[in-house]
Amino acid sequence: MSGLMFLAYLPPPNDSSRLSPQGKVAELRLELNSGGKKDKNFTTKKTALKKIVANMTMSNNDMVALFPDVIGCMAIQSLEIKKMCFLFLVNYARMRPEIAVKAIPVLEHDTEDPNPLVRALALRTMSYIHVREFVEATVPVVKHLLRDSDPYVRKTAAFCVAKLYDHDRHMVEASDLIDRLNGLLRDGNPTVVASALASLMDIWERSDAIKLTIDYSNASKMVAILPDSTEWGQTYILEALMSYVPQESGEALLLAERIAPRLSHSNSAVVLTCIRVVLYLMNYISDQKQISALCRKLSPPLVTLLAKGPEVQYLALRNALLILQRRPEVLRNDIRVFFCKYNDPIYVKVTKLELIFMLANEKNIDEVLTELREYATEIDVHFVRKAVRAIGKLAIKIEPAARQCINLLLELVATKVTYIVQEATVVIRNIFRKYPNQYESIIGTLCENLDSLDEPEAKAAMVWVIGQYASRIENSDALLEDFLYSFAEEPVEVQLALLTATVKLFIQRPTKGQDLVPKVLKWATEETDNPDLRDRAYMYWRLLSTDMEAARRIVMGEKPAITAESERLDPITLEEMCLNVGTLATVYLKPVQTVFRNARPRRLQDSPALQKRPAETTPVAVPGSTSAHIPSGFDDDHPGENQKSLSQFGMGGQPADFDPRKAAAGQSQGNLQQAVNDADEYFASQMGGMRIQEQGDSFGGNGNEGSGYVVNQYAPQTVYQPAQPVGNNNDLLL
């Protein structure tokens, strides 16, 4: 047998160790400690640190084993190496605090470095680390560097005070750091002043014990340095001006005129913050002509923001919705700039559609409807629905254009596109509510498209139309019977509409509805688990069993007024939103504390110059609300208490004590089961006594005589936001 050769591959013994985490750490440690004197530019160490930072960025916590080696590199006089070492220190200090404290002497030494970039970097690194030893070591360093000769270092030190306050507010309050921060407001460098203001505002936002005060003299000085500040410095200064409370109308007007040039800034944050301050100051200006002039100045910057990216556009549009509700004259003549472009994202298009609706009037309605006709034929289903709904809302908003809007809706219904027909049905129902007995001629067109209705809202709308105008629709009973075939499978919204429509049919045309009413009432009371449907059916049953005239007055009574302005915010929320223009809260159009739980609510502070609107003078009691609205400027401080400055601490106004009213007790409690049994017997005995045959077909009359409860589940309900209690924040800056 000939010899055979066997070949086998044996991997190098060190390959597996190099691929393991321990092998990678050992390799990086070797690189950090290599190089020696030959590597004058520390190229090897820089390469190793870059690898460490890359692994750290990918959340590789094995790098924490290199802590001692990285600290050893911190003393190297290379800004690039220091940046990477400090980044490593900030990332892992809380994981290994016992090793991290060894870096404190190196950082303290770097705060005395001749290079201001190194001093600022060392201070920033110390203030980032939430470890007790670092926080205590940072305080004396910050005090020293607040008086540094370089403005960049002073600016960094100002921000570090706010970071320290975040770490340990009691320690900062017990020191004189805030007094020193106040001293920076008199600094000769605008960037330092803006940074000090930003730090003070941040501390004030998170403190209940500090009162910030800005008088006109200080506000004027702050405005004077605006042109010399950076774009973010201007934002900080303008933000701080929101804490200035004008005592005279002339002061507010002069200040608004002086900051108006910031409206043409290239930075969107500066523009939006400036708009917020101008809107705030308008509340303290008495001359309506001057207010109108300021409103005209606010329009171009908002329009300019629409030329930026879609995100900035969306923010500008959401804020424009707010501003239009508070100051309608701002964008009165600029409707064309809100017409949608083909490449706008859907969220921008929908918001533009809301603005088009708000700006539409009798003068531009032809132009608006032409534009909406184009939108209603686009591909995006969601946008088409919004466009059709906007046409219907315009018919309600602008009465002279109602016929024009209805003709356009009928033109769209003729396309036989399902989702257009359904949306048109919903808005036509609302038009009938707004203009009763005026446009019934289009009911026939709606009835021709019953097969296209498969959405609950559209079905409910069509059922409402059939029930409301049963006396005018010859085959109304047959149409309702078609819907009733699937009564048990329909959503509750449609079941409620069918129940009410059937009762309306019986009231208007008893001989047509006598077979349907008992059937529907039996389904709604015996074969449903929904309490709303069952309770309404019992109410109708009892009404029809006892007094037909009362049933006619109640069920066919005059409907509540319907308007197209249901999206408007209540005055209290609108006031707060206008004080937060440009923030995330304005995107959601919700009170600030709903978006940011710990945010300080803002209110207009009382002063002799505050222009109070009639709606603000009388608090509105909201039924069922346990909160109370305290008028703007309410102050419950003790009479003899001195006004505290920024560096003085003490508790602010205590919350008012409210004594809830005690409801009178003693209502008798009956036997519920016995009452239910009695009601069942009563309904069963009375059902036969409805005197159906005694009632003739009543074509014509709409039953509007007399007053009574309106039984209509689709009447728009006004939603009142509970009034937020306005505490005594004493929002004033030194």
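Residues numbered from 1 in each chain as written. Predicted model: local features only at pLDDT ≥ 70, side-chain atom pairs only at ≥ 80, totals over all residues. Heavy atoms only, no water.

S.K.: Just to check I follow, could you spell out the overall build of the protein for this structure?
M.R.: If you tally the helices and strands in the protein, you get 37 helices and zero strands. Each of the 734 residues in the protein was classed as buried or not, and the buried ones make up 49%. In the protein, 72% of the contacts between residues at least 6 apart in sequence involve partners at least 24 apart. Counting every atom, the protein has about 36300 Å² of accessible surface; 53% of that belongs to carbon and sulfur. (Helix = DSSP H or I, 4+ residues; strand = E, 2+ residues; numbered from the N terminus. Buried < 20%, exposed > 50% of the residue type's maximum accessible area, 1.4 Å probe, protein only. Contact = heavy atoms within 4.5 Å. Areas by Shrake-Rupley, 256 points an atom, 1.4 Å probe, with all protein chains shown as cover.)

S.K.: What's the story with the packing of aromatic side chains in this structure? I'm lost.
M.R.: Two aromatic rings are characterised by how far apart their centres lie and by the angle between their planes. Evaluation of the coordinates by the stated rule reveals ten aromatic pairs. Ring centres of Phe88 and Tyr92 lie 4.8 Å apart, and the angle between their planes is 65°; this geometry places the pair in the edge-to-face category. Of the two residues, Phe88 and Tyr92 both sit in helix α5 (residues 79-92), four residues apart, roughly one turn of that helix. As far as the burial class goes, Phe88 and Tyr92 line up, both buried. With 6.3 Å between their ring centres and 45° between their planes, Tyr216 and Tyr244 make a pair best called tilted. In this pair, Tyr216 sits in helix α14 (residues 216-224) while Tyr244 sits in the loop between α15 (231-241) and α16 (249-259), placing the two residues 28 residues apart along the sequence. Joined through ring pairs, the aromatic side chains of Phe67, Phe88 and Tyr92 make up one cluster. Taking NZ or CZ as reference, Lys349 lies 5.3 Å from the ring centre of Phe383, over its face. (Phe/Tyr/Trp six-rings, centres within 6.5 Å; stacked < 30°, edge-to-face > 60°. Lys NZ or Arg CZ within 6 Å of the ring centre and 35° of its normal.)

S.K.: Would you take a moment to explain the packing of helix α28 (residues 492-508) against helix α30 (residues 516-526) for this structure?
M.R.: Axes are the key here: two packed helices are described by the angle between their axes and the distance separating the axes. At a minimum axis separation of 9 Å, α28 and α30 run at an interaxial angle of 155°. Comparing the axis directions of α28 and α30 gives the class roughly antiparallel. Taken as a pair, α28 and α30 cross one another with a handedness that is left-handed. On α30, the residues touching Leu499, Thr502, Leu505 and Phe506 of α28 are Leu516, Val517, Val520, Leu521 and Ala524. (Axes fitted to C-alpha atoms, helices over the stretch in contact; angles between N-to-C directions. Parallel < 35°, antiparallel > 145°, perpendicular 65-115°, else oblique. Left-handed = near helix turned anticlockwise from the far one by under 90°.)

S.K.: Would you mind showing me how to read the pattern of salt bridges here?
M.R.: Pairs can form between side chains of opposite charge whenever their charged atoms are close. Counting across every chain of the model gives 30 salt bridges. A salt bridge links Glu98 to Arg96; the nearest nitrogen and oxygen atoms lie 2.9 Å apart. Of the charged contacts in the structure, one is a salt bridge between Arg132 and Asp168, with a shortest N-O distance of 3.0 Å. With Arg132 in helix α9 (residues 132-145) and Asp168 in the loop between α10 (151-167) and α11 (169-174), this residue pair connects regions lying 36 residues apart in the sequence. By relative accessible area, Arg132 is classed as partly exposed at 41%. (Salt bridge = Lys/Arg side-chain N within 4 Å of Asp/Glu carboxyl O.)

S.K.: Would you mind going over the packing of α5 against helix α8 (residues 116-128) with me for this structure?
M.R.: Where α5 contacts α8, the axes come no closer than 10 Å and their chain directions differ by 5°. One way to sum up the angle between α5 and α8 is to call them roughly parallel. Contact with α5, carried on its side by Leu79, Lys82, Lys83, Phe86, Leu89 and Val90, involves Leu117, Val118, Leu121, Ala122, Thr125 and Tyr128 of α8 and no other residues of that element. The residue inventory of the contact of α5 with α8, partitioned by class, reads nine nonpolar, one polar and two charged. (Nonpolar A, V, L, I, M, F, W, Y, C, P; charged D, E, K, R; others polar.)

S.K.: Help me understand the side chain of Lys46 in this model?
M.R.: Relative to the helices and strands, Lys46 resides in helix α3 (residues 43-57). There is a polar contact of 3.4 Å between the side chain of Lys46 and the side chain of Glu80. Those residues in contact with Lys46 that sit more than four places away from it in its chain are Asn41, Ser78, Glu80, Ile81 and Met84. (Polar contact = N/O pair within 3.5 Å; in protein donor to acceptor, adjacent residues only side chain to side chain.)

S.K.: Looking at this structure, how should I read the environment of Val101?
M.R.: Tracing the sequence through the fold places Val101 in the loop between α6 (97-100) and α7 (104-110). On the basis of relative accessible area, Val101 is assigned to the partly exposed category, the value being 26%. Each C-alpha atom, one on Val101 and one on Phe134, is 7.3 Å from the other, the two residues being 33 residues apart in sequence. Among all residues touching Val101, those that are not within four sequence positions of it are Glu133 and Phe134.

S.K.: Is there a simple way to explain helix α20 (residues 346-359) in this structure?
M.R.: Helical geometry note: an α-helix holds 3.6 residues per turn, so side chains three or four residues apart project in the same direction. Under the 1.5 Å per step criterion, the end-to-end length of α20 is 20 Å for 14 residues, consistent within 8% with the ideal 20 Å. Among the residues of α20, those classed as buried are Val348, Lys349, Val350, Thr351, Lys352, Leu353, Leu355, Ile356, Phe357 and Leu359. Where α20 is buried, its residues touch α19 (310-326), α21 (365-375) and α22 (381-397). (Expected span 1.5 Å × (residues − 1).)

S.K.: Teacher, can you tell me more about the side chain of Arg318 here?
M.R.: If you trace the backbone, Arg318 turns up in helix α19. In this structure Arg318 touches Thr351, Glu354, Thr586, Val587 and Leu589, once residues within four positions along its chain are discounted.

S.K.: How should unusual backbone geometry be read in this particular structure?
M.R.: Its identity as a non-glycine residue notwithstanding, Lys416 has a phi of 65°, on the positive side. Looking at the element boundaries, Lys416 is found in the loop between α23 (402-413) and α24 (418-434). On the accessibility criterion, Lys416 (49% relative accessible area) is partly exposed. Of note in the backbone geometry, Leu589 takes a positive phi value of approximately 55° without being a glycine. Within the secondary structure layout, Leu589 lies in the loop between α34 (584-588) and α35 (592-595).

S.K.: Whenever I open this one, the environment of Pro436 confuses me. Can you help?
M.R.: Summarising the element assignment, Pro436 is placed in the loop between α24 and α25 (443-447). Take Pro436: its relative accessible area is 46%, and that puts it in the partly exposed class. C-alpha separation for the pair Pro436 and Gln468, spaced 32 residues apart in sequence, amounts to 9.9 Å.

S.K.: Please explain the nonpolar core as it appears in this structure.
M.R.: As a rule of thumb, soluble globular proteins bury nonpolar side chains together. Grouped together as the largest cluster of nonpolar side chains are 217 residues, with contacts concentrated most on Leu89, Ile259, Leu394 and Phe432. Considering each element in turn, this core owes the most residues, eleven residues, to helix α17 (residues 268-282). Once residues lying within four places of it in the same chain are set aside, the contact partners of Ile259 are Val223, Leu226, Leu238, Leu241, Cys274, Val277, Val278 and Leu281. Core analysis: the second largest hydrophobic core is formed by eight residues, Met577, Cys578, Ala585 and Val592 among them. (Core = buried A, V, L, I, M, F, W, Y, C linked by side-chain atoms within 4.5 Å.)

S.K.: Looking at this structure, I do not really get a negative patch on the surface. What am I missing?
M.R.: On the surface, a cluster of negative charge is contributed by Asp451, Glu481, Asp482 and Asp515. Assignment of secondary structure puts Asp515 in the loop between α29 (510-513) and α30. (Patch = residues over 30% accessible without salt bridge, like charges linked within 9 Å, V, L, I, M, F, W, Y side chains within 5 Å. Lys, Arg positive; Asp, Glu negative; His and termini not counted. Charge placed at Lys NZ, Arg CZ, Asp CG, Glu CD.)

S.K.: I keep staring at the confidence of the model for the protein and nothing clicks. Help me out?
M.R.: Low-pLDDT stretches of the model should not have their predicted coordinates read in fine detail. When pLDDT is averaged across the protein, the result is 78; 79% of the residues are at 70 or more. Below pLDDT 50 for its whole length, residues 1-19 participates in five contacts with residues either more than four positions away or in separate chains. Long-range and interchain partners of residues 614-672, a stretch whose pLDDT sits below 50, account for 71 contacts in this model, where long-range means more than four residues apart. (pLDDT = per-residue confidence, 0-100.)

S.K.: Got a minute to help me understand helix α31 (residues 531-546) in this structure?
M.R.: Here α31 spans 23 Å end to end across 16 residues, near enough to the 22 Å set by a 1.5 Å rise per residue. Residues of α31 that are buried include every one of Leu533, Arg536, Ala537, Tyr540, Trp541, Leu543, Leu544 and Ser545, and no others. Between a side-chain oxygen at the N-terminus of α31 and the backbone nitrogen of Asp532 the separation is 3.0 Å; the capping residue is Asn530.

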